[in-house]
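# Overview (structure and organization)
Each chain is listed here by its residues.
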Amino acid sequence: MNEFEEKLNELYYSIIDRDKYGTKRLIKFSDGQKVRQWIDIERARLEILASEDERVSVILKSYLFDDFYFRVREFNEFILSNGFPFDGQTFKDGTLFNVWFKQNYDRLLSSNISETKNIIKSFYGTSNYQLYIDRIDEVFCFLMKNKFLPYGDDSDDNELNDGISLKRFIYRYKKRLKLMAPFNDKIKFISSKLYLSFEEKLNEFCNYALNYFNNEDWLNNAVFFKDGYGMRDWFYNYKKELDILAKSSDDIRQAISRVQIKNYKGNNNFREKLIEVVHILCDLNYIPSDDEDITFKDGTNVGNWLHANKRLILLGKDDDLYTNCLYVKLCELDSHTFDKAIDALKISDEVKRKVLKKGNNE
């Protein structure tokens, strides 16, 4: 039996065992090679064999949980022959190219499938992309002139040249701007100003807690910073840093006291979700975003939960087996998953040093 057949059988029977006995999803073969890497290498061969080999059919259905890859291939093949699809042109099953492209644009930007690069490059030459870049130029000029981007309902709004609201444009394309930042210097600069700094959030948090606090809104996660980030999630992610800062600030201490809720982790079923999310990620084999309808058994959005708990996962990876498993899986799916959390830790360490230094001098 050759190596291909051996791996085919190993993967096939692991799927059968998982369905029958509930065993874990196979991530690596017995020789150490990653399953997803092998599937990507052998994908063309597997697709050819799928119609005549049940093992291959089972493997593709299990590991290609949706048709994104096949859509990418068909989309790219169309572009190579006809150029970028315009209104009315469809996939073989009748799905409109333009509709699918719009729905999957952010995923195409972050995908490591080689054909996606050609798709995005082709789109760059269309009038739609040029309109997007024209808007980016206007946002960039506004930012350079005013030194800020408009946040929240209480900030003045401005219109771009084509009449679209500047605030609405920023809110709607915030995630896309982050994804496109590495490819465009202006977008990179704009994306760096999309979120409030720690100090800005701290001031806004204190103002809310001391002057406008509503217990029901707080418990229901209905309180947000001007940049759209959830205030309650931020509060618990930075609780240790806030406690240190509270030692030298009456306002911060009173604000913390006002919103403090006991047993947060217990109420959030953190441990149960930690175990459940590992299995979810193994099945998906990608990290879901917060706008995808992928949930835990209790209905909590998986993308939101991962975003809110990255720092807890990072801090607990060396002390807890399940936390470490989740950390490893997230890094395997996206090596940059914890970049912002690591940066936040660096910032918080600097804050701690300043506070402790100040305390020692008093």
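Scroll up to find the structure.
Residues numbered from 1 in each chain as written. Predicted model: local features only at pLDDT ≥ 70, side-chain atom pairs only at ≥ 80, totals over all residues. Heavy atoms only, no water.

### Some points on unusual backbone geometry
- Its identity is not glycine, yet Asn285 carries a phi of approximately 65°, on the positive side.
- Among the structural elements, Asn285 can be located in the loop between helix 17 (270-284) and helix 18 (302-316). (Helix = DSSP H or I, 4+ residues; strand = E, 2+ residues; numbered from the N terminus.)

### Details of the packing of helix 4 (residues 68-82) against helix 6 (residues 115-124)
- Interhelical geometry of helix 4 versus helix 6 gives an angle of 50° and a closest axis separation of 9 Å. Regarding the angle of helix 4 to helix 6, the classification is oblique. Regarding helix 4 and helix 6, the two cross each other, and that crossing is left-handed. On helix 6, the residues that touch Val72, Arg73, Phe75, Asn76, Ile79 and Leu80 of helix 4 are Glu115, Thr116, Asn118, Ile119 and Ser122.
- Considering only residue class, the contact of helix 4 with helix 6 consists of five nonpolar, four polar and two charged. (Axes fitted to C-alpha atoms, helices over the stretch in contact; angles between N-to-C directions. Parallel < 35°, antiparallel > 145°, perpendicular 65-115°, else oblique. Left-handed = near helix turned anticlockwise from the far one by under 90°. Contact = heavy atoms within 4.5 Å. Nonpolar A, V, L, I, M, F, W, Y, C, P; charged D, E, K, R; others polar.)

### As for the environment of Asn301
- As for its placement among the helices and strands, Asn301 is situated in the loop between helix 17 and helix 18.
- For Asn301 and Asp291, which are 10 residues apart along the polypeptide, the C-alpha to C-alpha distance reads 8.6 Å.
- In contact with Asn301, not counting residues within four places along its chain, are Ser289, Asp290, Glu292, Ile294, Thr295 and Phe296.
- In this structure the side chain of Asn301 is engaged in a polar contact, spanning 2.8 Å, whose partner is the backbone nitrogen of Asn304. (Polar contact = N/O pair within 3.5 Å; in protein donor to acceptor, adjacent residues only side chain to side chain.)

### Focus on the nonpolar core
- Within the largest apolar cluster, 37 residues are counted, with the highest numbers of intra-cluster contacts made by Phe75, Phe101, Leu108, Tyr132, Phe169, Leu177 and Ile190.
- Looking at this core, the elements with two or more residues in it are helix 4, helix 5 (97-110), helix 6, helix 7 (127-146), helix 8 (166-172), helix 9 (174-180) and helix 10 (185-191).
- Among the elements that take part in this core, helix 7 stands out by supplying seven residues, more than any other.
- Excluding its chain neighbours within four sequence positions, the residues that come into contact with Phe169 are Tyr132, Arg135, Ile136, Val139, Leu160 and Ile164.
- Within the second largest apolar cluster, 24 residues are counted, among which are Phe205, Ala209, Phe213 and Tyr238. (Core = buried A, V, L, I, M, F, W, Y, C linked by side-chain atoms within 4.5 Å. Buried < 20%, exposed > 50% of the residue type's maximum accessible area, 1.4 Å probe, protein only.)

### Observations concerning the environment of Thr323
- Relative to the elements of secondary structure, Thr323 occurs in helix 19 (residues 321-333).
- C-alpha of Thr323 to C-alpha of Arg271: the two residues are 52 residues apart in sequence and 9.0 Å apart in space.

### Structural notes on helix 18
- Bending of helix 18 peaks at approximately 55° at the position of Asn309.
- Listing the buried residues of helix 18 in full gives Val302, Gly303, Trp305, Leu306, Ala308, Asn309, Arg311, Ile313, Leu314 and Gly316.
- Backbone nitrogen of Gly303 and a side-chain oxygen of the N-cap are separated by 2.9 Å at the start of helix 18; the cap is Asn301. (Bend = angle between axes of the 7 residues up to and from the residue.)

### Regarding the packing of aromatic side chains
- Throughout the structure, instances matching the rule amount to 23 aromatic pairs.
- Look at Phe4 and Trp38: their rings are 5.6 Å apart centre to centre, the planes differ by 35°, and that puts the pair in the tilted class. Note that Phe4 is positioned in helix 1 (residues 3-21) and Trp38 in helix 2 (residues 35-49), a separation of 34 residues in sequence.
- Exposure remark for Phe4: the relative accessible area of 7% places this residue in the buried category.
- When the ring of Tyr208 is compared with that of Trp218, the centres are 6.4 Å apart and the planes differ by 20°; the resulting orientation is stacked. Of this pair, Tyr208 sits in helix 11 (residues 198-211) while Trp218 sits in helix 12 (residues 215-219), placing them 10 residues apart in sequence. Across the pair, exposure class does not vary: Tyr208 and Trp218 are buried alike.
- Pairwise contacts between aromatic rings join Phe198, Phe205, Tyr208, Phe213, Trp218, Phe225, Trp234, Phe235 and Tyr238 into one cluster.
- Arg71 extends its terminal NZ or CZ atom over the ring of Phe91, reaching a point 4.7 Å from the ring centre.
- Here the guanidinium or amino end of Lys201 rests over the ring plane of Phe225, the centre of that ring lying 5.5 Å away. (Phe/Tyr/Trp six-rings, centres within 6.5 Å; stacked < 30°, edge-to-face > 60°. Lys NZ or Arg CZ within 6 Å of the ring centre and 35° of its normal.)

### Concerning the pattern of salt bridges
- This structure, assessed with the given rule, holds nine salt bridges.
- Where Lys239 meets Asp243, a salt bridge forms, and the shortest distance between an N and an O atom there is 2.8 Å. Placement of both Lys239 and Asp243 in helix 14 (residues 239-246) is noted, with a separation of four residues, approximately one turn of the helix.
- The class for Lys239 is buried, based on a relative accessible area of 18%.
- Because the salt bridges share partners, they merge into one network encompassing Glu3, Lys7 and Asp31. (Salt bridge = Lys/Arg side-chain N within 4 Å of Asp/Glu carboxyl O.)

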